[in-house]
Amino acid sequence: MTVEKLNRQRVLHLLDAITRSDLEAALSCCTDDVDFLTHAPIDVLPHMGPRHGKAELRELWRTVQARYSETRYQVPQIVAEGDVVAAYLRVFFKKRSNDRIIQVDMAVFYSFRNGQVAQIREIIDSYDLVQQVLEREIGPLIVGERVDGR
């Protein structure tokens, strides 16, 4: 099996572990010094800030589990080249507070070292994500309009 196919399988294994809420299995896929960064507004989603090491990544994933009762994903595209895997993901989260489903499309880039994930970079449509999390349109807030129309 080529390193590309193996790394592709490793990413899918990591995603499966996360969706099963098996954080220890997910973390076993990562290096001790794993580096995580997502491009999301941390003023609205503070748990999404940069994370370094397994302990900080575990904390992030636990926060997500506390907020969402269910997670599932689709992988419309995944490409591997050497020790880098790029995946276009569609992820669905079910909010614990009201059972609403949040759908997020993202591009995720995984870098491997010695067969483990050493770096994760996520790019998300943060505008859409914030609207779904807050359950309201934020366009009027951005341009300085009152939300109540006055």
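Nothing here was measured: the structure is a model prediction, and the numbers come from that model.

This part is about the nonpolar core. Grouped together as the largest cluster of nonpolar side chains are 37 residues, with contacts concentrated most on L14, L57, W61, L89, Y110 and V117. Ranked by residue count, the leading element in this core is strand β5 (residues 101-113), at six residues. When neighbours within four sequence positions are excluded, L89 is seen to be in contact with L15, Q74, V75, P76, V104, D105, M106, V108 and Y110.

Scanning all chains against the criterion turns up one aromatic pair. Consider the rings of Y68 and F93, whose centres lie 5.1 Å apart with planes at 45°: the pair is tilted. A residue pair is termed long-range when its members are at least 10 positions apart, and Y68 in strand β3 (residues 68-81) and F93 in strand β4 (residues 84-95) qualify at 25 residues. Neither residue differs from the other here; Y68 and F93 are each classed as buried. Between R72 and the ring centre of F92, over which it is positioned, the NZ or CZ distance is 4.1 Å.

Across the protein chain, pLDDT averages 88, with 91% of residues at or above 70. Looking at the elements of the protein chain, mean pLDDT is at its lowest for helix α5 (residues 139-142), recorded as 59, and at its highest for helix α2 (residues 23-28), recorded as 97.

What follows covers the side chain of K95. Within the secondary structure, K95 is located in strand β4. The buried category is assigned to K95, whose relative accessible area is 10%. Not counting the four nearest positions on each side in its chain, K95 is found in contact with R67, Y68, R100, I102, Q132, V133 and E135.

Next up on the list: unusual backbone geometry. Of note in this structure, D99 is not a glycine but carries a positive phi near 65°. Along the polypeptide, D99 turns up in the loop between β4 and β5.

The next thing to look at is the pattern of salt bridges. Between side chains of opposite charge, a pair can form when the charged atoms approach closely. On inspection of all chains with the given rule, the structure shows seven salt bridges. The shortest N-O distance in the salt bridge between D33 and R113 comes to 2.8 Å. A residue pair is termed long-range when its members are at least 10 positions apart, and D33 in strand β1 (residues 30-39) and R113 in strand β5 qualify at 80 residues. Looking at R113, the relative accessible area reads 36%, which means it is partly exposed. Among the salt bridges present, the one from R51 reaches E59, with a minimum N-O distance of 3.5 Å.

Right, let's talk about the environment of D105 for a bit. You can see D105 is positioned in strand β5. Here D105 falls in the partly exposed class, since its relative accessible area comes to 28%. Along the backbone, D105 and Y88 are 17 residues apart, and their C-alpha atoms lie at a distance of 7.3 Å. The residues touching D105, leaving out its near neighbours within four places in the chain, are Y88, L89, R90, I123, I124 and D125. A distance of 3.0 Å separates a polar atom in the side chain of D105 from a polar atom in the side chain of Y88. At 2.9 Å, the side chain of D105 forms a polar contact with the side chain of R90.

Another point: the sheet that holds β5. Taking strand neighbours across the sheet as the criterion, the six strands line up as β2-β1-β6-β5-β4-β3 in an open arrangement whose pairing is mixed. Where the open sheet ends on each side, the last strands, each with one partner, are β2 (51-52) and β3. Relative to β4, β3 runs antiparallel, the two being bridged by 11 bridges. Following the sheet pairing, I78 is matched in β4 by A87. Each of β1, β3, β4, β5 and β6 (116-124) touches helix α1 (residues 3-19); the most contacted strand, β3, lies at about 170° to it. Relative to the sheet, helix α3 (residues 54-67) contacts β1, β2, β3, β4 and β6, its axis offset from that of β1 by approximately 50°.

Parameters and conventions
Residues numbered from 1 in each chain as written. Predicted model: local features only at pLDDT ≥ 70, side-chain atom pairs only at ≥ 80, totals over all residues. Heavy atoms only, no water. Core = buried A, V, L, I, M, F, W, Y, C linked by side-chain atoms within 4.5 Å. Buried < 20%, exposed > 50% of the residue type's maximum accessible area, 1.4 Å probe, protein only. Helix = DSSP H or I, 4+ residues; strand = E, 2+ residues; numbered from the N terminus. Contact = heavy atoms within 4.5 Å. Phe/Tyr/Trp six-rings, centres within 6.5 Å; stacked < 30°, edge-to-face > 60°. Lys NZ or Arg CZ within 6 Å of the ring centre and 35° of its normal. pLDDT = per-residue confidence, 0-100. Salt bridge = Lys/Arg side-chain N within 4 Å of Asp/Glu carboxyl O. Polar contact = N/O pair within 3.5 Å; in protein donor to acceptor, adjacent residues only side chain to side chain. Pairing = 2+ DSSP bridges. Axes fitted to C-alpha atoms, helices over the stretch in contact; angles between N-to-C directions.

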